[in-house]
Amino acid sequence: MSDLEALEQWAGPLVAALSPAARRGLLRALALDLRRSQQERIARQQNPDGSAYAPRRRMRDERGGRIRRRAMFQRIRQARHLKATVQGDGVRVGFAGRVARIARVHQDGGIDAVRPGGALVRYARRQLLGFSPADRDRLRERLVAHLAGGADAF
C-alpha cells in the first residue's frame, strides 16, 4: 500500500465528517497547493523523483535559436493550462484543452508530429505531473493541520 493510499484510508472518514462546504474548501486548498508544487517542479525541469528532464534533442544544423535556449514548458505550466479542480470527494490536477495532448506525449514519451503534417518524432519521457515524496508530505501536513486547527491552517 502506498503512502497516498494509507493517507486516504486514514483521512477519508475524517474528511467525510466535515460539512460539504468545509470539505470543498479543504479539497480546493489541497488542489491549489498541489498545482503550485507541480508548477514549481516543472519550472525546475525535474521529474517527480528529482531527476532532471531529458534534454532537448540537438538540431541538425546546430543553431539553437531563442526557443531552444529557454527552459521547456514555460507556458504549459501556467494556471490557464494546468487546472486544479475539485470533483466530488477528490481533487484533479491536470492539463486542459490542446495542451493536454502535448503534455500526454511528454508524460508518456510518445510519438507526435513536430508541426501539423510534419515529421513524426519520438519524444523523451518527461513526467510533468506526479507525486514527489515532498508533495505527499506537504499534503499530509496540510490535511492534519486543517483537521487539527480548523480553516486557519491554510
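Details of the structure are given in the entry above.
For every chain, the first residue of the written sequence is number 1, and numbering continues from 1 along that sequence. The predicted origin of the model limits local features to residues at a pLDDT of at least 70 and limits the giving and counting of side-chain atom pairs to 80 or more, whereas totals for whole chains, interfaces and linings rest on all residues. Computation of side-chain values: all heavy atoms of the structure, hydrogens and water removed.

A short note on the overall build of the chain
Piece 1. The number of helices and strands found in the chain is five helices and four strands.
Piece 2. Along the chain, helices (α) and strands (β) appear in the sequence α-α-α-β-β-α-β-β-α when read from the amino end.
Piece 3. Classification of residues uses two cut-offs on accessible area relative to the type maximum, computed with a 1.4 Å probe and protein chains only: under 20% is buried, over 50% is exposed, and between them is partly exposed. When the 154 residues of the chain are sorted by exposure, 30% land in the buried category.
Piece 4. By the convention used here, residues are in contact when the closest approach between their heavy atoms is within 4.5 Å. By sequence separation, contacts in the chain at least 24 residues apart represent 53% of the contacts at least 6 residues apart. In this text, helices come from DSSP runs of H or I with a minimum length of four residues, and strands from runs of E with a minimum of two, each type numbered from the N-terminal end.

A closer look at the pairing of strand S2 (residues 90-95)
It is a general feature of regular strands that their side chains alternate between the two faces of the sheet.
Piece 1. Note: strand S1 (residues 82-87) against S2, six bridges, orientation antiparallel. Residue Lys83 lies in a different strand from S2, and its bridge partner there is Gly94.
Piece 2. Hairpin connection from S1 to S2: two residues lie between these consecutive antiparallel strands, with Gly88 at a positive phi of about 60°. Pairs of strands are assigned from DSSP output, requiring at least two bridges between the strands.

As for the packing of aromatic side chains
Piece 1. Ring pairs shown here join Phe, Tyr and Trp side chains whose ring centres sit within 6.5 Å, with only the six-membered ring taken for Trp; geometry is labelled stacked below 30 degrees between planes, edge-to-face above 60, and tilted in between. Tallying each qualifying case throughout the model produces one aromatic pair.
Piece 2. Here the aromatic rings of Tyr53 and Phe73 are separated by 5.7 Å at their centres, their planes lie at 90°, and the arrangement is edge-to-face. Residue Tyr53 is located in the loop between helix H2 (20-43) and helix H3 (66-69), and its partner Phe73 is located in the loop between H3 and S1; the two are separated by 20 residues in the primary sequence. Of the two residues, Tyr53 and Phe73, neither departs from the other in class, the shared state being buried.

A closer look at helix H5 (residues 133-149)
Piece 1. Helices are assigned an expected span. That span is 1.5 Å times one less than the residue count. Its 17 residues give H5 an end-to-end C-alpha distance of 24 Å, which sits within 8% of 24 Å, the value for a rise of 1.5 Å per residue.
Piece 2. For H5, the complete set of buried residues consists of Asp135, Leu139, Leu143 and His146. Down the axis of H5, the buried set is contained in an arc of 65°. They therefore lie on one face. For H5, the exposed residues set more than 90 degrees away from the buried face come down to Pro133, Glu141 and Ala148. Note that the arc is computed from the directions linking the helix axis to the C-beta atoms.

Looking at the pattern of salt bridges
Piece 1. We define a salt bridge as a side-chain nitrogen of Lys or Arg found within 4 Å of a carboxyl oxygen belonging to Asp or Glu. Within the structure shown, the criterion is met by six salt bridges.
Piece 2. We note a salt bridge from Asp135 to Arg138, for which the minimum N-O separation is 3.5 Å. Here Asp135 and its partner Arg138 are both found in helix H5, three residues apart, which amounts to about one turn of the helix.
Piece 3. Between Arg140 and Asp137 there is a salt bridge, with its nearest N and O atoms 3.0 Å apart.

Some details on unusual backbone geometry
For residues other than glycine, phi is negative in most cases, and the peptide bonds are mostly trans.
Piece 1. Of note in this structure, Gln45 is not a glycine but carries a positive phi near 60°.
Piece 2. Mapped onto the fold, Gln45 is located in the loop between H2 and H3.
Piece 3. Look at Phe73: it is not a glycine, yet its phi comes out positive at around 65°.

Some remarks on a nonpolar patch on the surface
Piece 1. Surface patches are defined over residues having more than 30% relative accessible area and no salt bridge, joining like charges when they lie within 9 Å and nonpolar side chains (Val, Leu, Ile, Met, Phe, Trp, Tyr) when within 5 Å. Methods summary: accessible areas were calculated by the Shrake-Rupley approach with a probe of 1.4 Å, and residue burial reflects only the protein chains presented. Residues Trp10, Leu14 and Val144 make up a contiguous nonpolar surface patch of roughly 270 Å² in combined accessible area.
Piece 2. Relative to the assigned elements, Leu14 resides in helix H1 (residues 3-16).

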